[in-house]
Amino acid sequence: MPEYLSWDELQQLPDEIAEDIELWEHRVIWNRRGPMAHQQFSVRMRNAIESEARRAMKDTTDDGDKRCWQVGVETNIFFQDDKSSFLTPDFFVRRCLPADADTTVADVVLVGKVLSGSDTPGRRDW
């Protein structure tokens, strides 16, 4: 596996390899999946956050606008237009976008990463 990839090169890899990779300025960062307890906690956090987001969306803002948030899991969040830098958090909240829209840092209001025994010292945290 090369140390650096473009988004297009990453897209050419088999899904079972590409889904475990994040890019930071084209550098390959391996994104390990946690054990079952890690996954359960991630899902519980996502569900609790989505419940609160739905409740909050019923309210209007001070200027009369309706809030609109989407809660997701394990979705790429892009830092650059060329997709050379992205991370895949365990869960996140973004402003409402079309379902097929890429998520950029400008769209995101909250990200979460569950740390577990599979996270080794020295791993880049974000």
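We now turn to the structure provided with this report.

Each value, and the rule that gives it
Residues numbered from 1 in each chain as written. Predicted model: local features only at pLDDT ≥ 70, side-chain atom pairs only at ≥ 80, totals over all residues. Heavy atoms only, no water. Helix = DSSP H or I, 4+ residues; strand = E, 2+ residues; numbered from the N terminus. Expected span 1.5 Å × (residues − 1). Buried < 20%, exposed > 50% of the residue type's maximum accessible area, 1.4 Å probe, protein only. Arc of directions from axis to C-beta. Contact = heavy atoms within 4.5 Å. Salt bridge = Lys/Arg side-chain N within 4 Å of Asp/Glu carboxyl O. Phe/Tyr/Trp six-rings, centres within 6.5 Å; stacked < 30°, edge-to-face > 60°. Lys NZ or Arg CZ within 6 Å of the ring centre and 35° of its normal. Pairing = 2+ DSSP bridges. Axes fitted to C-alpha atoms, helices over the stretch in contact; angles between N-to-C directions. Lys, Arg positive; Asp, Glu negative; His and termini not counted.

Right, let's talk about helix α3 (residues 36-57) for a bit. Compared with an ideal rise of 1.5 Å per residue, which puts 22 residues at 32 Å, α3 spans 31 Å between its outermost C-alpha atoms and is within 8% of the ideal. Within α3, burial applies to His-38, Ser-42, Arg-46, Ile-49, Glu-50, Ala-53 and Ala-56. Seen from one end, α3 has its buried residues packed into an arc of 120°, which puts them on one side. Opposite its buried face, α3 presents the exposed residues Met-36, Ala-37, Arg-44 and Arg-54, each directed more than 90 degrees away. Structurally, α3 contributes buried residues whose contacts are with β3 (69-73), β6 (91-95) and β8 (108-112).

A word on the pattern of salt bridges. Applying the stated rule across the entire model yields 6 salt bridges. One salt bridge in this structure joins Glu-50 and Arg-46, with 2.8 Å as the shortest N-O distance. In this pair, Glu-50 and Arg-46 both sit in helix α3, 4 residues apart, roughly one turn of the helix. Residue classification places Arg-46 among the buried residues on the basis of a relative accessible area of 18%. Where Glu-50 meets Arg-54, a salt bridge forms, and the shortest distance between an N and an O atom there is 3.6 Å. With Glu-50 and Arg-54 both in helix α3 and 4 residues apart, the pair spans about one turn of that helix. Salt bridges sharing common partners tie together Arg-46, Glu-50 and Arg-54.

Under the counting rule described, the total for this entry stands at 4 aromatic pairs. Relative to Phe-86, the ring of Trp-7 has its centre 5.5 Å away and its plane inclined at 85°; by these criteria the two rings are edge-to-face. Residue Trp-7 is located in helix α1 (residues 7-12), and its partner Phe-86 is located in strand β5 (residues 86-87); the two are separated by 79 residues in the primary sequence. Members of the aromatic cluster, connected to one another through ring pairs, are Trp-7, Phe-78 and Phe-86. Positioned over the ring face of Phe-78 is Lys-83, at 5.2 Å from the centre of the ring.

Spatially, 3 strands are ordered β3-β6-β8 in an open sheet, and the strand pairing comes out antiparallel. Since the sheet does not close on itself, it has two edges, and those belong to β3 and β8, each with one partner. On average, each strand axis in the sheet is tilted by 15° relative to the strand beside it, whichever way the strands run. Contacting β3, β6 and β8, α3 runs over the sheet at an angle of about 175° to β3.

Right, let's talk about the side chain of Asp-107 for a bit. Structurally, the position occupied by Asp-107 is in the loop between β7 (103-104) and β8. Among buried Asp, Glu, Lys and Arg side chains, Asp-107 stands out as unpaired, with Arg-94 the closest opposite charge at 5.9 Å. If we ignore the near neighbours within four places in the chain, the residues touching Asp-107 are Val-93, Arg-94, Arg-95, Leu-97 and Asp-102.

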